[in-house]
Amino acid sequence: MKASSKKDLPVSQIRRFLEPGPIVLVSSAWRGQTNIMTMGWHTVMDFEPSRIGCYIWDQNHSFGLIKASKQCAINIPTYGLINEAIGIGNCSGANVDKFAKFALPPLPAHRLSAPVTQEF
Ligand SMILES: Cc1cc2nc3c(=O)[nH]c(=O)nc-3n(C[C@H](O)[C@H](O)[C@H](O)COP(=O)(O)O)c2cc1C
């Protein structure tokens, strides 16, 4: 009989096996303020119209900008931006201009008030 490789894991470690990818950068703008945050908890939910579900903690600075503007841009970074993605996800736009800190200049988007960056 084949030995079972099934393991019982602590609930605190389960999310590692369930989290979707890829890691994205969510940019936002409201009343002259711009911001960008890292997001991993998102999933495609519909084709047409395109719908994406995500979790953004209400204590994140981005939450207020997105809630007020009702807009954000989802930027998909290349692997070369991994350090920027980690850094952007570990500081807050409430205290720092992350576009300047991580040298990712914000560019106007075509149909959104939220900026995008030219790197991705
Ligand atoms: C890899 C990674 C994934 C993250 N995923 C999420 C997420 O899905 N939702 C969320 O609210 N915060 C997530 N965060 C944390 C936010 O990016 C972090 O709290 C950030 O500082 C918020 O920035 P802000 O205060 O400028 O909005 C993630 C951070 C990292 C490093």
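Here is a short report on the structure shown in this document. Nothing here was measured: the structure is a model prediction, and the numbers come from that model.

Conventions adopted
- Residues numbered from 1 in each chain as written.
- Predicted model: local features only at pLDDT ≥ 70, side-chain atom pairs only at ≥ 80, totals over all residues.
- Heavy atoms only, no water.
- Patch = residues over 30% accessible without salt bridge, like charges linked within 9 Å, V, L, I, M, F, W, Y side chains within 5 Å.
- Areas by Shrake-Rupley, 256 points an atom, 1.4 Å probe, with all protein chains shown as cover.
- Salt bridge = Lys/Arg side-chain N within 4 Å of Asp/Glu carboxyl O.
- Helix = DSSP H or I, 4+ residues; strand = E, 2+ residues; numbered from the N terminus.
- Buried < 20%, exposed > 50% of the residue type's maximum accessible area, 1.4 Å probe, protein only.
- Polar contact = N/O pair within 3.5 Å; in protein donor to acceptor, adjacent residues only side chain to side chain.
- Contact = heavy atoms within 4.5 Å.
- Phe/Tyr/Trp six-rings, centres within 6.5 Å; stacked < 30°, edge-to-face > 60°.
- Near = heavy atom within 4 Å.
- 1 Å grid on protein atoms, 1.4 Å probe; cavity = no way out; pocket = protein on both sides within 12 Å on 5 of 7 lines; lining within 4 Å.
- Sits in = over half its atoms within 2 Å of the grid points.

Side chains of Val-44, Ile-52, Ile-74 and Ile-76 sit close together on the surface and give an oily, nonpolar patch of about 390 Å² of accessible area. Examined against the element boundaries, Ile-74 turns out to sit in strand S5 (residues 73-75). When its relative accessible area of 40% is taken as the criterion, Ile-74 is described as partly exposed.

Checked against the element boundaries, Ser-69 lands in helix H2 (residues 61-69). Exposure remark for Ser-69: the relative accessible area of 13% places this residue in the buried category. From its side chain, Ser-69 meets the backbone oxygen of Leu-65 in a polar contact 2.8 Å long. Excluding anything up to four places from it in sequence, Ser-69 contacts Ala-29 and Trp-30.

Another aspect to go through is the packing of aromatic side chains. In this structure the tally under the stated criterion is 1 aromatic pair. With a centroid separation of 5.5 Å and an interplanar angle of 45°, the aromatic rings of Trp-41 and Tyr-55 are classed as tilted. Placement of Trp-41 in the loop between strand S2 (33-39) and strand S3 (42-46) and of Tyr-55 in the loop between strand S4 (51-54) and H2 is noted, with a sequence separation of 14 residues between them. Residue Trp-41 is classed as partly exposed on the basis of its relative accessible area, which comes to 41%.

The next point concerns the pattern of salt bridges. If you walk through the whole model with that rule in mind, you get 2 salt bridges. For the salt bridge of Glu-19 with Arg-15, the shortest nitrogen-to-oxygen distance reads 2.7 Å. Classification of Glu-19 by relative accessible area gives partly exposed; the value is 33%.

Next up on the list: the site of the ligand. Near the ligand you find 20 residues, and of these Trp-57, Ser-62, Cys-91, Ser-92 and Gly-93 are the closest. The contact in question runs from an oxygen atom of the ligand to an N or O atom on the backbone of Gly-93, over 2.6 Å. Separating an oxygen atom of the ligand from a side-chain N or O atom of Lys-98 is a distance of 2.9 Å. For the ligand, whose free accessible area comes to 650 Å², the fraction covered by protein is 80%. Given that more than half its atoms are within 2 Å of the pocket grid, the ligand belongs to the largest pocket.

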